[in-house]
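Listed here are the chains, written in short residue letters.
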Amino acid sequence: MKILVLNAGSSSQKSCLYEIADEMPTQAPQPFWEGKINWAQDRGVAEIEVKTVTGGTLQKSISGDSPQAHLTYMLNTLDRDATKVIDRLSEIDVVGHRIVHGGEDYRDSVVITEDVKKAIANLSNIAPEHNPVALEGIEAIEQILKDVTQVAVFDTGFHATLPDAAAIYPGPYQWVEQGIRRYGFHGISHQYCSQRAVQILGRDVASERLIICHLGNGCSLAAIKNGRSIDTTMGFTPVEGLMMGSRSGSVDPGILIYLLRHCNYSIEKLDELLNKASGLKGISGVSSDLREVREAISQDNSRAQLAWDIYVHRLRSGIGAMLTSLGGLDALVFTAGVGEHSAEIRQATCEAFGFIGLKIDLEKNQQQPVDEDIATPDSAVRILVIHTQEDWAIAQQCWQLLKRN
C-alpha cells in the first residue's frame, strides 16, 4: 500500500510517501520521498524542497501561483526526473492528512467525506492557523488524484480519553453544552512517542507512567497512564499551556479583559498578540527560535535571558502538574525540535526533579541522542529523547483504517 502523508502547518506543507506491505514494520521506515513547501508570509512565494531515498533532490522557488499550484508542482516530482520514485501518481492508494482540530465528533481517524470536510471547516474558528490549510490540501488532492481515498487523522484524537475533571473548564456549565472544553493537541506525536518509549524501555505500555514533552515552536505536555492520555497542557485551542515560540501559553484571562476594556484592543489585535507576538519572541524581542535566543544570551541580552528563564520555569511547573495527575513517573520523554536538539533545555528541566530520584547523564545528554535513554543507571526515572515521527504515525493509521474496511 502506497501512502502519501500531508502534514500542513500555517507556513509550510510537509509530505512523505511510504509503502507498507502486508505486515506493519515495528519501527518507522525511511520514506521513499519527502517534500516540503515553505511559504512566504503572503503565501505568494514558495520554496520547494524534495529528496528521495535514492538520493534525488530538488530545490526550487516559485512565485505568483496559488498554494494549490505549489502543492501540485511538488507532488508532480513523485513521478518525474531525478526525484521520480513511482511511475504514475495513480499508484498512490491513500492520502493521509494531519488535522489539528477534530472537535467532539471526530476522535478516530476517518475516511474524508463532504461531511468531514464541513466539520474541518467549521472548526477553523478554533484552529485558524491549521484547519484551513489542511482543508486546502484535501481539496488540492481531489483535483490532482481525483478518486483516491483520503483519510483525516486528528491531533485531538489521542486526548479523547481525558477524564472530565481534566477536560472541563470551571466556567459556567453551558460551556460544556457548547463544546467548550480541553481538547489537547500534538496528540499524534504524543501517541507515537508513548508507544516508542515502551519499545525502547522494553516494557508493557499498560504499566508505564509517562510525561511527554513535545517542545517545538508549539509546546505541550501530556501525562500518559496505561497507554492513555489523562492530562495535557493545551486546551480548547493550541494557545493554552506552556510558553511557546510566539504563543503566550496560559495567561490570566483578566489581562485580556483589561486590554479589551482599557487599551482599545480589537479582537484581531489580541489574537495576533497571543499567537504571533508573545512567547520567546515577545519576551526576548529577538526571535521565536530558541537557538537565536541562546545566541543573544551569550551576548548578554537581558531580555533573552528572561525569556529563557520564563520558558524553563513554565516547563518545570507544567511537568510538576503532570506528576500529580500520574501519581509518580516511570519515564520523562523529550521530543520535537527543541526537545530533541536542545541539551541545555533537557538539562535545565531535569535538574529540578532530583527530589524524585531523576538523574540525567550529562555526557549522554550532550551527544545528540536519538531514541535513547539519557538517565544515569541509578536514576529512579528514565529520561528518553525520541525523534517524533508524526508522518509515519499518520501512515500507520491510514493503513490500519483501510485494512479494517
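In what follows, the accompanying structure is described. (Residues numbered from 1 in each chain as written. Predicted model: local features only at pLDDT ≥ 70, side-chain atom pairs only at ≥ 80, totals over all residues. Heavy atoms only, no water.)

### Thoughts on the packing of helix H7 (residues 253–262) against helix H8 (residues 267–276)
Axis separation between H7 and H8 bottoms out at 11 Å; the angle between their running directions is 140°. Here H7 and H8 pass one another in a crossing that is right-handed. Packed against H7, whose contacting residues are Leu256, Leu259 and Leu260, the element H8 presents Leu270, Leu273 and Leu274 at the interface. Its residues assigned to classes, the contact of H7 with H8 shows six nonpolar, no polar and no charged. (Axes fitted to C-alpha atoms, helices over the stretch in contact; angles between N-to-C directions. Helix = DSSP H or I, 4+ residues; strand = E, 2+ residues; numbered from the N terminus. Left-handed = near helix turned anticlockwise from the far one by under 90°. Contact = heavy atoms within 4.5 Å. Nonpolar A, V, L, I, M, F, W, Y, C, P; charged D, E, K, R; others polar.)

### Looking at the pairing of strand E4 (residues 45–52)
Residues of E4 alternate between two faces, with Ala46, Ile48, Val50 and Thr52 buried on one and Val45, Glu47, Glu49 and Lys51 left unburied on the opposite face. Across seven bridges, the pairing between strand E3 (residues 33–39) and E4 is antiparallel. Of the residues in E4, the one forming a bridge with Ile37 is Ile48. By the bridge criterion, seven bridges tie E4 to strand E5 (residues 57–63) in an arrangement that is antiparallel. Directly across from Val45, in E5, lies its bridge partner Ser63. Linking E4 to E5, which pair antiparallel, is a turn of four residues; within it Gly55 sits at a positive phi near 100°. (Buried < 20%, exposed > 50% of the residue type's maximum accessible area, 1.4 Å probe, protein only. Pairing = 2+ DSSP bridges.)

### Focus on the nonpolar core
With 45 residues, the main nonpolar core has Ile211, Leu215, Tyr311, Leu332 and Ile345 as its most contacted residues. For this core, the leading source of residues is helix H11 (residues 302–326), giving ten residues. With residues up to four places along the chain from it excluded, the contact list for Ile345 reads Leu215, Leu290, Trp308, Tyr311, Val312, Leu315 and Val338. Of all hydrophobic cores here, the second largest spans 29 residues; its members include Tyr18, Val153, Ile394 and Trp399. (Core = buried A, V, L, I, M, F, W, Y, C linked by side-chain atoms within 4.5 Å.)

Shape descriptors only; they carry no functional weight alone.
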